[in-house]
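Structure at a glance
If you want the building blocks of each chain, they are given just below.
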Amino acid sequence: MRSLVARLVALFRRRRLDEELADEISAHLEFAAADHVERGLPGDEARRTASRRFGGARQAEEAYRDRQGFPLLESIWQDGYYAIRTLRRQPAFTVVVLVVLATVIGLNTSLFTLTAGLLLRPWAGVGNPSQVVTIYPIDSAGRASGVSLAGYRFIADHATSLAGVTAMRPESVDLGEDGGLGKTGGFLVSGNFFDVLGVVMARGRGFRPDEDRPGSPQAVVILGFSLWQSRFGGDAGIVGARIRVNGVPFTVAGVAPAGFVGPEPRSATVFLPIASLSLLHPNDASAVRVLYQPGDCCSDVVGRLAPGQHTRTGGRGA
Amino acid sequence: MSVKSDVLHGTLDLIVLKTLEAMGPLHGYAIARRIEQVSSDQLAINQGTLYPALLKLGHRGWISTKWGQSQTGRRVKFYAITRLGRRQLHTEEDDWQRAASIVTKFFRLAKAVK
């Protein structure tokens, strides 16, 4: 134990200890030479004899060193130091290597973070996320493709292994009078969205199915929690208030819970019924086409498995 | 003994400790000289091996070191035996005496049989 401490101390005081040893050895050789001179040897001869009797000073230093510090640790340190020196001698090469390494590691990390956030982690705020499945049609070439809203309605009507199916598509909208509250990334969702996902609202309620009928669009909106906090100051009387979305007055039906931001990790979000597309784009007939045309892709479709269904059977049931 | 013998393996520590106990604090060269003198120059220690041995003894807490001045005014490191070192020395001395006396008995016995 004592020896270990001494070695540790030696590791950090290497230079001083080396100097001390060199000094000790030279003192030794001086004394020895002086003794030999006293016995009648000429100066040169005396020094040589002293040196010979000492036995290689180098070896002594090496042996001394092996007893000091941790030889293995030190040789690793020396290798590292050698590598640094070599790299320093070729700065261009070093810079290229560092840039490549940094880029690749950074890219890898951000891709993984993105993938984990988007695909691997269950949505925050969703009840029983293990029952929630994403639905992709597989085309004839075996590729997963998107679902049109018409396709979504077909699935919703015919799927037997699902307790509920909901659709969503991103839509960015302007908030406030003349867009005074800024543009925000929102989601158009089917009327059963919050029910199917089992989201417990922070304020008010989720959408009702009758608020998402393509024939009779309703101007209701649900605010994401952080948007409610940041743009409306967490106003407790927000439910029932009217805010302008794309300039059209919408009634706030509720506020989503903190942490629930929909299928993508975005911070500021509003939720609108899909059918309200025709209210949001009153002068754009093409915007509304997406509601009916089976060829108009793509919405995300998510279902909740019926009780007793597992992921495997659910895949075949629809 | 015509040829100088090497220090018996493992006994250098013992010899150094005994020298320091008998002489008080000494610097490295003085220790080496003292050992050679006591053995009437029959023991040739490879003087370089003395320093690793001293370091080891220091690590074990058997000797302490202190910088000082030699008689000629040279800055040198002095080595002195510690209390722990003394205790160690006496244990080893006893062991050595016992071992040596046993070996001696065998030699006497062999002579008597002859």
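Structure shown above.
Residues numbered from 1 in each chain as written. Chains lettered and ligands numbered in written order. Predicted model: local features only at pLDDT ≥ 70, side-chain atom pairs only at ≥ 80, totals over all residues. Heavy atoms only, no water.

Regarding the pattern of salt bridges
- Counted according to the given criterion, the structure contains 17 salt bridges over all chains.
- For Arg 33 of chain B, the salt bridge goes to Asp 35 of chain A, with nearest N and O atoms at 3.8 Å. In this pair, Arg 33 of chain B is assigned in helix H2 (residues 28-38) and Asp 35 of chain A in helix H2 (residues 14-38), connecting two distinct chains.
- Overall, Arg 33 of chain B belongs to the buried group, its relative accessible area being 14%.
- Note that Glu 211 of chain A is salt-bridged to Arg 205 of chain A, the shortest N-O span being 2.7 Å.
- Exposure remark for Arg 205 of chain A: the relative accessible area of 31% places this residue in the partly exposed category. (Salt bridge = Lys/Arg side-chain N within 4 Å of Asp/Glu carboxyl O. Helix = DSSP H or I, 4+ residues; strand = E, 2+ residues; numbered from the N terminus. Buried < 20%, exposed > 50% of the residue type's maximum accessible area, 1.4 Å probe, protein only.)

Describing the sheet that holds strand S2 (residues 63-69) of chain B
- In space, the three strands of this open sheet follow the order S1-S3-S2 (chain B), with antiparallel pairing throughout. Looking at which strands have only one partner, the edges of the open sheet turn out to be strand S1 (26-27) and S2 of chain B.
- Pairing of S1 of chain B with strand S3 (residues 75-81) of chain B, which is carried by two bridges, proceeds in the antiparallel orientation. By the bridge assignment, His 27 of chain B is partnered in S3 of chain B with Phe 78 of chain B.
- This element, H2 of chain A, spans S1, S2 and S3 of chain B of the sheet and lies at about 95° to S3 of chain B. (Pairing = 2+ DSSP bridges. Contact = heavy atoms within 4.5 Å. Axes fitted to C-alpha atoms, helices over the stretch in contact; angles between N-to-C directions.)

Some thoughts on the pairing of strand S1 (residues 132-135) of chain A
Residues and elements named next belong to chain A.
- Of the two faces of S1, the one holding Val 133 and Ile 135 is buried and the one holding Val 132 and Thr 134 is not buried anywhere.
- Pairing between S1 and strand S9 (residues 300-305): four bridges, direction antiparallel. Bridge pairing in S9 places Val 133 opposite Gly 303.

Section: the packing of helix H1 (residues 12-23) of chain B against helix H3 (residues 50-59) of chain B
Residues and elements named next belong to chain B.
- In contact at an axis separation of 10 Å, H1 and H3 are set at 75° when each is read in the N-to-C sense. Considering their axes alone, H1 and H3 lie roughly perpendicular with respect to each other. Between H1 and H3, the residues in contact are Leu 12, Asp 13, Val 16 and Leu 17 and Leu 50, Ala 53, Leu 54, Lys 56 and Leu 57, respectively.
- Of the residues belonging to the contact of H1 with H3, the class tally is seven nonpolar, no polar and two charged. (Parallel < 35°, antiparallel > 145°, perpendicular 65-115°, else oblique. Nonpolar A, V, L, I, M, F, W, Y, C, P; charged D, E, K, R; others polar.)

Comments concerning the packing of aromatic side chains
- Tallying each qualifying case throughout the model produces 10 aromatic pairs over all chains.
- Linked through ring pairs, Phe 193, Phe 194, Phe 207, Phe 260 and Phe 271 of chain A together constitute an aromatic cluster. (Phe/Tyr/Trp six-rings, centres within 6.5 Å; stacked < 30°, edge-to-face > 60°.)

Quick word on the nonpolar core
- Counting residues in each nonpolar core, the largest one holds 35 residues, and the members touching the most others are Val 221, Leu 223, Ile 243, Val 245, Val 270 and Leu 272 of chain A.
- Those residues in contact with Val 245 of chain A, other than ones at most four positions away along the chain, are Val 173, Asp 174, Leu 175, Phe 250, Leu 272 and Leu 280 of chain A.
- The next biggest cluster of nonpolar side chains, apart from the first, holds 23 residues, and it includes Leu 12, Val 16, Leu 20 and Ile 63 of chain B. (Core = buried A, V, L, I, M, F, W, Y, C linked by side-chain atoms within 4.5 Å.)

Some points on the side chain of Glu 211 of chain A
Residues and elements named next belong to chain A.
- Positionally, Glu 211 belongs in the loop between strand S4 (203-204) and strand S5 (220-223).
- When its relative accessible area of 4% is taken as the criterion, Glu 211 is described as buried.
- Within the structure, Glu 211 has its side chain in polar contact with the side chain of Arg 205 (distance 2.7 Å).
- Once residues lying within four places of it in the same chain are set aside, the contact partners of Glu 211 are Arg 205, Gly 206, Gln 218, Val 220 and Pro 273. (Polar contact = N/O pair within 3.5 Å; in protein donor to acceptor, adjacent residues only side chain to side chain.)

Let's talk about H2 of chain B
- For H2 of chain B, the buried fraction is high: eight of the 11 residues fall into the buried class.
- Among the residues making up H2 of chain B, those that are buried are Gly 28, Tyr 29, Ala 30, Ile 31, Ala 32, Arg 33, Ile 35 and Glu 36 of chain B.
- Those residues of H2 of chain B hidden inside the fold are in contact with H2 and helix H3 (43-54) of chain A together with H1, S1, H3 and S3 of chain B.
- Just downstream of H2 of chain B lies Ser 40 of chain B, where phi reads positive at about 50°.

Examining H3 of chain A
Residues and elements named next belong to chain A.
- Relative to the 16 Å expected for 12 residues at 1.5 Å per residue, H3 spans 17 Å between its end C-alpha atoms, a close match to the ideal helical length.
- For H3, every residue scored as buried is listed here: Ala 46, Thr 49, Ala 50 and Phe 54. All buried residues of H3 fall inside an arc of 135° around its axis, so they share one side. Exposed residues pointing more than 90 degrees away from the buried face of H3 are listed as Asp 44, Arg 48 and Arg 52.
- Following H3 by one or two positions, Gly 55 has its phi on the positive side, about 75°. (Expected span 1.5 Å × (residues − 1). Arc of directions from axis to C-beta.)

Distances and angles like these do not, on their own, reveal function.
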